[in-house]
Amino acid sequence: DAGITQSPRHKVTETGTPVTLRCHQTENHRYMYWYRQDPGHGLRLIHYSYGVKDTDKGEVSDGYSVSRSKTEDFLLTLESATSSQTSVYFCAISDAGARNEQFFGPGTRLTVL
Amino acid sequence: AQKITQTQPGMFVQEKEAVTLDCTYDTSDPSYGLFWYKQPSSGEMIFLIYQGSYDQQNATEGRYSLNFQKARKSANLVISASQLGDSAMYFCAMRSDNYGQNFVFGPGTRLSVLP
């Protein structure tokens, strides 16, 4: 199994507070991704990174920012959490290659009250 | 634009029988990859199988095979000899080369295997 951890695994916070989720990999993969999963929507891409300090927006990036200062760490920040950001957040990694399949972390359940 | 459609919100199959989960996709890019993932009730996402748009043969991985019909833009997952442990959500996903690392997922199909 790919070495991907996410922290925290569960978090409850209040509207308007900043929140940072961390993804850590031990596979030295180039690409890292943040998704959110909501019922009826599958997984939707928030942001991804294609290298240290290189990031790009996904489908649902509004209200989120990311940073990648080291190959192994990818941070997702909610600057001012809203109830619509209550979701399960998944980090994924992939490497360059023909298949480029993604391997996922265990997920973080975030509740914004 | 890229889009994945999974028209079966839920499916039932008898243990030991085969089942087909439908997936259709939309892209104008000639080069793309199609993926299937499994999500059991425990929540983790498990990669199952991959099909490249230029692959001549349908992909197979153990009991999983992908019925790839390029002209119809469909990439159905076939699970042979279903097991109780196959009960899970199944997601079809696509990545088109023109969209970089923008993976798109379908809404998923919940498969229930009956004893």
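This structure is a prediction, so every number in the text was calculated from the model and none was measured.

Calculation rules
Residues numbered from 1 in each chain as written. Chains lettered and ligands numbered in written order. Predicted model: local features only at pLDDT ≥ 70, side-chain atom pairs only at ≥ 80, totals over all residues. Heavy atoms only, no water. Buried < 20%, exposed > 50% of the residue type's maximum accessible area, 1.4 Å probe, protein only. Helix = DSSP H or I, 4+ residues; strand = E, 2+ residues; numbered from the N terminus. Pairing = 2+ DSSP bridges. Phe/Tyr/Trp six-rings, centres within 6.5 Å; stacked < 30°, edge-to-face > 60°. Lys NZ or Arg CZ within 6 Å of the ring centre and 35° of its normal. Polar contact = N/O pair within 3.5 Å; in protein donor to acceptor, adjacent residues only side chain to side chain. Contact = heavy atoms within 4.5 Å. Core = buried A, V, L, I, M, F, W, Y, C linked by side-chain atoms within 4.5 Å. Buried area = accessible area lost by both parts, 1.4 Å probe. Nonpolar A, V, L, I, M, F, W, Y, C, P; charged D, E, K, R; others polar. pLDDT = per-residue confidence, 0-100. Salt bridge = Lys/Arg side-chain N within 4 Å of Asp/Glu carboxyl O.

Enquirer: Describe the pairing of strand β12 (residues 109–114) of chain B, and please don't skip the residues or the numbers.
Expert: Residues and elements named next belong to chain B. The alternating pattern of β12 places Thr 109, Leu 111 and Val 113 on a buried face and Arg 110, Ser 112 and Leu 114 on a face that is not buried. Where strand β2 (residues 10–14) and β12 come together, five bridges link them in parallel fashion. For Gln 14, the partnering residue across the bridge sits in β12 and is Leu 114. Here three bridges tie strand β10 (residues 88–96) to β12, and the two strands are oriented antiparallel to one another. Paired with Tyr 90 across the two strands is Thr 109, which belongs to β12.

Enquirer: Give a description of the packing of aromatic side chains that names residues and reports values.
Expert: Aromatic ring pairs are defined here through the distance separating the ring centres and the angle between the ring planes. Tallied over the full model, the rule gives 16 aromatic pairs over all chains. Consider the rings of Tyr37(B) and Phe47(B), whose centres lie 5.7 Å apart with planes at 65°: the pair is edge-to-face. Taken as a pair, Tyr37(B) in strand β5 (residues 32–39) and Phe47(B) in strand β6 (residues 46–52) lie far apart in primary sequence, 10 residues in all. A relative accessible area of 0% means that Tyr37(B) is categorised as buried. Through successive ring pairs, a cluster of aromatic residues spans Tyr33(A), Tyr35(A), Tyr48(A), Tyr50(A), Phe90(A), Phe104(A), Phe35(B), Tyr37(B), Phe47(B), Tyr50(B), Phe103(B) and Phe105(B). The side chain of Arg63(B) reaches across the aromatic face of Tyr64(B), ending 5.8 Å from its centre.

Enquirer: Account for the side chain of Thr109(B), with residues named and values stated.
Expert: Residues and elements named next belong to chain B. Along the chain, Thr 109 falls in strand β12. A residue is classified by how much of its surface remains accessible, and Thr 109, at 0% relative accessible area, is buried. Polar contacts involving the side chain of Thr 109 include one to the main-chain carbonyl oxygen of Gln 8, which spans 2.7 Å. In this view, Thr 109 contacts Gln 6, Gln 8, Pro 9, Met 11, Leu 21, Ala 88, Met 89 and Tyr 90; residues no more than four positions away in its chain are not counted.

Enquirer: Would you mind going over the nonpolar core in detail, with residue names and values included?
Expert: All names here are of chain B. In terms of nonpolar packing, the biggest core is built from 26 residues, with Leu 21, Tyr 25, Trp 36, Ile 49, Leu 77, Tyr 90 and Leu 111 touching the most fellow members. Of all elements in the fold, only β2, β3 (19–21), β5, β6, β8 (64–69), β9 (74–79), β10 and β12 reach the threshold of two or more residues within this core. Sort the elements by how many residues they give to this core and β10 lands first, with four residues.

Enquirer: Give a detailed account of the interface of chain A and chain B, specifying residues and quantitative values.
Expert: Contacts between the two partners involve 20 residues from chain A, matched on the other side by 16 residues from chain B. Carbon and sulfur atoms supply 56% of the area buried between chain A and chain B, which totals about 1,600 Å² over both sides. Interface area lost by chain A to chain B is led by Leu43(A), Arg99(A) and Phe104(A), which between them contribute 31%. For the pair chain A and chain B, the interface holds three residue pairs in polar contact (both at pLDDT 80 or more). Those elements giving two or more residues to the side of chain A that touches chain B turn out to be β4 (31–38), β5 (42–51) and β9 (87–94) of chain A. Each residue belonging to the side of chain A that touches chain B can be placed in one class, and the counts come to nine nonpolar, eight polar and three charged.

Enquirer: Can you break down the confidence of the model for chain A residue by residue, with the values?
Expert: For chain A, the average pLDDT comes to 93, and 97% of its residues sit at 70 or higher. Per-element confidence in chain A ranges from a low mean pLDDT of 92 for strand β6 (residues 54–57) of chain A to a high of 98 for strand β3 (residues 19–25) of chain A.

Enquirer: Talk me through the pattern of salt bridges; I want residue IDs and the actual numbers.
Expert: On inspection of all chains with the given rule, the structure shows six salt bridges over all chains. In this structure, the salt-bridge partner of Asp73(A) is Arg22(A), at a minimum N-O distance of 3.1 Å. Placement of the pair is Asp73(A) in strand β8 (residues 73–78) and Arg22(A) in strand β3, with a sequence separation of 51 residues. You can call Arg22(A) partly exposed: its relative accessible area is 34%. For Asp26(B), the salt bridge goes to Lys73(B), with nearest N and O atoms at 3.8 Å. Residue Asp26(B) is located in strand β4 (residues 24–26), and its partner Lys73(B) is located in the loop between β8 and β9; the two are separated by 47 residues in the primary sequence. The class for Lys73(B) is partly exposed, based on a relative accessible area of 29%. Among the charged side chains, a network of salt bridges with common partners joins Arg22(A), Lys70(A) and Asp73(A).

Enquirer: Tell me about unusual backbone geometry, and name the residues and values.
Expert: Look at the link from Ser7(A) to Pro8(A): it is a cis peptide, with omega at -5°. Within the element layout of this structure, Pro8(A) appears in the loop between β1 (4–7) and β2 (10–13). Its identity as a non-glycine residue notwithstanding, Lys16(B) has a phi of 80°, on the positive side. Phi is positive for Lys73(B), which is not a glycine, with a value near 55°.

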